[in-house]
Each structure stands twice: as C-alpha cells, then as structure tokens.
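Architecture at a glance
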Amino acid sequence: FGAMAALGGCGSNAPAPTPAAVRGRLTLNGEPVGGAWVVFAPDPRRGHTGAPARAETAADGTFALPAVRPGWYRVALAAPPNGAELPAKLARPD
C-alpha cells in the first residue's frame, strides 16, 4: 500500500506544511475490522522521513490520526501491542 497524506509547497521560502488529521474505516469484504492497527510509515524512497503514525481501529473499523505530516507514506496493518492477534483473514500468507 502507499499513500500521499498531502502536498506541501516546494522551495526554500515555502512555509512548513501543516499536519493534518487522517481518518478512515478499515473493512474486509464489507465488514468492519476492529482491533487492528493502521500504521502510516514515512516512505524514505520518496524522500520522507520521521516516526510512523498509528491508530487502533474501533469495533466499527474506524480510526483517526490527529496530526500527520504531509508526505509519502507506506500504509500497513499490524496487531496491537496488547497481545491480541489480527483476525486470521488478515494474516499474511508468508
């Protein structure tokens, strides 16, 4: 997966881009997926660095990241750190 959070201005005199909220809903075959983490990792191949942003999906599959810096991201799903596992239908075959 890949995502572009937003586009900022180019050039040395351009103001720093403002972080923006990212919201969404994770579904599989039309059904919400709760208890998963949605992770936005900066894509260094596209010149974007920094710490990943992540949010846990609610029971209805919704998630919200309050302040994501504009740039290119790789988007992934992960099990939350509380020891819970992703639903088997989301497990990678490898």
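Attention in this report is confined to the structure presented alongside it. (Residues numbered from 1 in each chain as written. Predicted model: local features only at pLDDT ≥ 70, side-chain atom pairs only at ≥ 80, totals over all residues. Heavy atoms only, no water.)

A few words on the overall build of the chain. Tallying secondary structure elements over the chain gives 0 helices and 8 strands in all. Sequence-ordered secondary structure for the chain, helices as α and strands as β, is β-β-β-β-β-β-β-β. Within the chain, the fraction of its 94 residues that count as buried is 27%. Long-range pairs, those at least 24 residues apart, make up 64% of the contacts in the chain with a sequence separation of at least 6. On the chain, roughly 6300 Å² of surface is accessible, and the fraction owed to carbon and sulfur atoms is 54%. (Helix = DSSP H or I, 4+ residues; strand = E, 2+ residues; numbered from the N terminus. Buried < 20%, exposed > 50% of the residue type's maximum accessible area, 1.4 Å probe, protein only. Contact = heavy atoms within 4.5 Å. Areas by Shrake-Rupley, 256 points an atom, 1.4 Å probe, with all protein chains shown as cover.)

Attention now moves to the pairing of strand 5 (residues 37-42). Within strand 5, 5 of the 6 residues are buried, which leaves it mostly tucked inside the rest of the structure. Sheet topology places strand 5 next to strand 6 (residues 53-56); 4 bridges connect them, and they run antiparallel. Residue pairing across strands places valine 39 opposite arginine 54, the latter belonging to strand 6. In this structure, strand 5 lies alongside strand 8 (residues 72-78), joined through 6 bridges in antiparallel fashion. In the sheet register, phenylalanine 40 faces strand 8, and the bridge partner there is valine 75. (Pairing = 2+ DSSP bridges.)

Turning next to the nonpolar core. When a protein is soluble and globular, its nonpolar side chains tend to lie buried together. In terms of nonpolar packing, the biggest core is built from 10 residues, these being Val22, Val38, Phe40, Ala53, Ala55, Phe63, Leu65, Val68, Tyr73 and Val75. Those residues in contact with alanine 55, other than ones at most four positions away along the chain, are Ala36, Trp37, Val38, Phe63, Ala64 and Leu65. (Core = buried A, V, L, I, M, F, W, Y, C linked by side-chain atoms within 4.5 Å.)

Under the defined criterion, the tally for this structure stands at 1 salt bridge. A salt bridge links arginine 45 to aspartate 43; its shortest N-O distance comes to 3.6 Å. (Salt bridge = Lys/Arg side-chain N within 4 Å of Asp/Glu carboxyl O.)

All right, on to the environment of threonine 18 then. By the secondary structure assignment, threonine 18 is in the loop between strand 1 (3-4) and strand 2 (20-25). In sequence terms threonine 18 and arginine 69 are 51 residues apart; their C-alpha atoms lie 6.7 Å from each other.

What follows is about the packing of aromatic side chains. According to the stated counting rule, one finds 1 aromatic pair in the structure shown. Across from the ring centre of tryptophan 72, 4.1 Å away, lies the NZ or CZ of arginine 46, which sits over that ring. (Phe/Tyr/Trp six-rings, centres within 6.5 Å; stacked < 30°, edge-to-face > 60°. Lys NZ or Arg CZ within 6 Å of the ring centre and 35° of its normal.)

A separate point is the side chain of aspartate 43. Position of aspartate 43 relative to the elements: it lies in the loop between strand 5 and strand 6. Apart from the residues lying within four places of it in its own chain, the contact partners of aspartate 43 are His48, Trp72, Tyr73 and Arg74.

Among all residues except glycine, the phi angle is most often negative; among peptide bonds, the trans geometry is most common. Of note in the backbone geometry, asparagine 29 takes a positive phi value of approximately 55 degrees without being a glycine. Tracing the sequence through the fold places asparagine 29 in the loop between strand 3 (27-28) and strand 4 (31-32). Judged by its relative accessible area of 76%, asparagine 29 falls in the exposed class.

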